[in-house]
Structures are given as C-alpha cells and as structure tokens.
Amino acid sequence: MIVILKHGIGAEQVEGLVRNLESYGVKASVITGENTTIIGLVGDTSAIDIDLVKSNDAVETVKRVQEPYKNANRKFHPDDTVIDVCGLEIGGDEVQIIAGPCSVESEEQVCEVARRVKAAGATILRGGAYKPRTSPYAFQGLGAQGIELLLHAKKETGLPIITEIMNIEHLKYFADVDIIQVGARNMQNFEMLKELGHSDKPILLKRGLANTIDEWLMSAEYIMAGGNGKVILCERGIRTFETATRNTLDLSAVPIIKKKSHLPVIVDPSHATGITWLVEPLSKAAIVSGADGLMIEVHNDPKNALCDGAQSLTPEQFEETMKTVRRTVEFEGRHLPEWK
Ligand code: PEP
Ligand code: MN
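If you're wondering where the values come from, they're calculated on a predicted model, not measured in any experiment.

## A word on the overall build of the protein
Item 1. The helix and strand tally for the protein stands at ten helices and 14 strands.
Item 2. For the protein, the spread of C-alpha atoms along the principal axes amounts to about 75 × 45 × 40 Å.
Item 3. Relative to its full complement of 340 residues, the protein shows a buried share of 52%.
Item 4. Within the protein, contacts between residues separated by at least 24 positions form 67% of all contacts whose residues are at least 6 apart in sequence.
Item 5. For the protein, the exposed area adds up to about 15400 Å²; of that, 51% sits on carbon and sulfur atoms.
Item 6. With 37 positive and 47 negative side-chain charges, the protein shows a separation of 2 Å between the mean positions of the two kinds.

As structure tokens, this is what we get:
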C-alpha cells in the first residue's frame, strides 16, 4: 500500500502517521521527494481501513498495490485448489455436472430426477430445501424434511448432494449434506460466511445479483479466513439493463477468477438465463471459458414445478444437453467422471 501525502506536511505529522500505520503490524518507509512525500507499507495490509487512512488530514491519496484478499489470491497460492467431494474432484481435470430440481417437492420427484440426471451423466444432485423466494406467499421449500428427501435420493443413487443454507441456525440439518450452497442473496451475509468458515464442508458460494468479482472474492475470503479453504465459486448471472434474460451471464468472470484466484469456479446457466433453450448453448460456452463444472436445474414436470419451472430442463432435454456438454468437455481436453 502506498500513502501519498499532501504538499507541505511537517515531519511531526508524518511521524504520527507512520506510528499509526505501523500499529497495524506493517513496516512503513518514508520517501521524501522534492514535491511529494510518500509512505510505502509492506506486510499484511489487509486489516488497514483504506478509507480511514484517506480521511487523515495529511493524506492526499492511498493506493493498494495488492488485493485485500490473501487466502483466495492466486499470488499466494499459485496452484489450483482441487476440492474432494465423495471422491469427485472439483477444480482439477474433471468437470462436474450438478443437476436437479430448483426445490425438493416430494420423495418421488427428487428420486426420479436423481435417477434420470445420473443416467445422463450428472455427478452431483442439487435440490433446494430452504428457498429464497422474492414473494413471502410463494413456496418456501420443505426445510429440514427436504434435506431428508435429498438424503433418500443420495442413498438410492449414490450421488453426493448440495443444498442451500439460508440461516446458520439450520446448520445442524446439514450434517450429511456434501456441499453447502450460499445463494446469491446471501453472498454478503458476513455473519453466516464467518460461521461457515468454521465448517469442514465444501461451500459453493454464488455470486450476488449485483456484486463485483472483487466483492465476491472478499466473501470467499470471509469463509477462508475462518479456516475453511474449500470454497467453490458459482457465476449465476448478474443484474444488468438487459431484460431478454433473467440475468446476464458474466462469462468473463470465469477466466478473471482463474487469473485472480486458485479456487474452482462453476457456472449456473439456469438462473443466469431463466429460459430452458438457453441452457445448452451457455453450458457449452461456460465449459469453453474454463469453468470447472455446471449447475443445471432439471425437473420431471417443469410445467407444474413449484419453483423455476420456466428454466428447468426435462430429463430428456438434460440428456440432450449432456451430449453437447460431453463433446465440449472432451474437445477442451478435460473429462466428465464416469459412473461405474
Ligand atoms: C438456487 O440455486 O436455487 C438459487 C436460488 O440460486 P441463486 O441464489 O443463484 O438465485
Ligand atoms: Mn432455482
């Protein structure tokens, strides 16, 4: 971090500022030029409040030379992080396909979808038990019972399961869940992120509806700073002026994340577009952009789905999409895990 001082600041004020900055445990070096004095800080500056330093009377401006995230930063961890989920690798050569209904509705529904998506090549089952709905009158999910039903489907098919947490008080129901999802609306629920930092489970962190890539990485940092390094990022579309799709899929986020961070990143073309026919082309594009996996909503009866029917593929459509996905993955020199 570089602190540039205002013109004509006296030695005493400079010394006071140096003492204050060094109280954060960093080393400060003063460089006095003819017209400008600057203070260079080396060490871990992540705890320094840049706005507070900027508000100091002696300070003209402050520049960060290093990102405020350490754990999630590729500079400090050059190798890709590979996360093990029941023997599957997320972030390595394998591409994982997470598929399943938006919400768990019944045992028959989730088990049928689980069987069908597995037969088509999916490797992880998704299903919402706690649902973040815009309307309080819409179906809110089956809660803990929904997780029980997912566990039935896991037992029947062997697919690991992922489901969303909305309230840290519910963590006790997630003991047998393989990946905990933090939804877009909770990306900056910092108290929840801190608690999940103490968990040993992989956390899939969706990008917020209107959050920058750096804010998203700072949220990952919250989880990692607590000791949980198993963070999977998920790009699910952001809010823009465009109304043709539910959100705008920001595929540039994938290579940008890969450059800035060592964490795996997957893409959710279902929530990004909100439209079934767009799921296949954007799945293909996501793989080519370097994504480590996809999350796709599949429902046995989308017309009567209790949530997100308009973007849910039928099992038949998912099977077709998987043919394209498989070809694309192989073309990229990666592979989908095969069920024995
Ligand atoms: C979901 O995956 O069911 C979901 C609600 O997604 P998002 O948080 O991305 O809206
Ligand atoms: Mn959904």
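That shown, we press on.
## Quick notes on the domain arrangement of the protein
Item 1. By the assigned domains, the protein splits into domain 1 (2-63) and domain 2 (83-331).
Item 2. The C-alpha-based centres of domain 1 and domain 2 are spaced at 44 Å.

## Comments concerning the sheet that holds strand 1 (residues 2-5)
Item 1. Taken in spatial order, the four strands of this open sheet run 2-3-1-4, and their pairing is antiparallel. Each edge of the open sheet is held by one strand with a lone partner, namely strand 2 (27-32) and strand 4 (59-63). For this sheet, the mean angle separating the axes of adjacent strands, direction not counted, is 20°.
Item 2. Bridge count between strand 2 and strand 3 (residues 37-42): six bridges; the pairing is antiparallel. Bridged to Ile-31 within strand 3 is Ile-38.
Item 3. Against the sheet, helix 1 (residues 11-22) touches strand 1, strand 2, strand 3 and strand 4, its axis set at about 155° to strand 2.

## Remarks on the side chain of Arg-236
Item 1. Secondary-structure assignment places Arg-236 in the loop between strand 12 (231-235) and helix 7 (253-260).
Item 2. Although Arg-236 lies buried, it forms no salt bridge, and the closest oppositely charged side chain, Asp-268, sits 5.8 Å away as judged by the N-O distance.
Item 3. Other than its neighbours up to four places away in sequence, Arg-236 contacts Ala-184, Arg-185, Lys-206, Arg-207, Leu-209, Asn-247, Asp-268, His-271 and Ala-272.

## Brief notes about the pairing of strand 7 (residues 96-100)
Item 1. Of all the five residues making up strand 7, five are buried; the element is thus mostly covered by neighbouring parts of the structure.
Item 2. Of the two faces of strand 7, the one holding Gln-96, Ile-98 and Gly-100 and the one holding Ile-97 and Ala-99 are both buried throughout.
Item 3. In the sheet, strand 7 pairs with strand 14 (residues 293-297) via five bridges, with the strands oriented parallel. Of the residues in strand 14, the one forming a bridge with Gly-100 is Glu-297.
Item 4. Across two bridges, strand 7 lies against strand 8 (residues 124-126) in parallel orientation. Within strand 8, the position partnered with Ala-99 by the bridge is Leu-125.
Item 5. Tracing the backbone out of strand 7, into helix 3 (residues 107-120) and back to the parallel element strand 8 gives a crossover that is right-handed.

Definitions and limits used
Residues numbered from 1 in each chain as written. Chains lettered and ligands numbered in written order. Predicted model: local features only at pLDDT ≥ 70, side-chain atom pairs only at ≥ 80, totals over all residues. Heavy atoms only, no water. Helix = DSSP H or I, 4+ residues; strand = E, 2+ residues; numbered from the N terminus. Buried < 20%, exposed > 50% of the residue type's maximum accessible area, 1.4 Å probe, protein only. Contact = heavy atoms within 4.5 Å. Areas by Shrake-Rupley, 256 points an atom, 1.4 Å probe, with all protein chains shown as cover. Lys, Arg positive; Asp, Glu negative; His and termini not counted. Charge placed at Lys NZ, Arg CZ, Asp CG, Glu CD. Domains from an automatic or database assignment. Pairing = 2+ DSSP bridges. Axes fitted to C-alpha atoms, helices over the stretch in contact; angles between N-to-C directions. Salt bridge = Lys/Arg side-chain N within 4 Å of Asp/Glu carboxyl O. Right-handed = clockwise from strand over helix to strand, strands pointing away.

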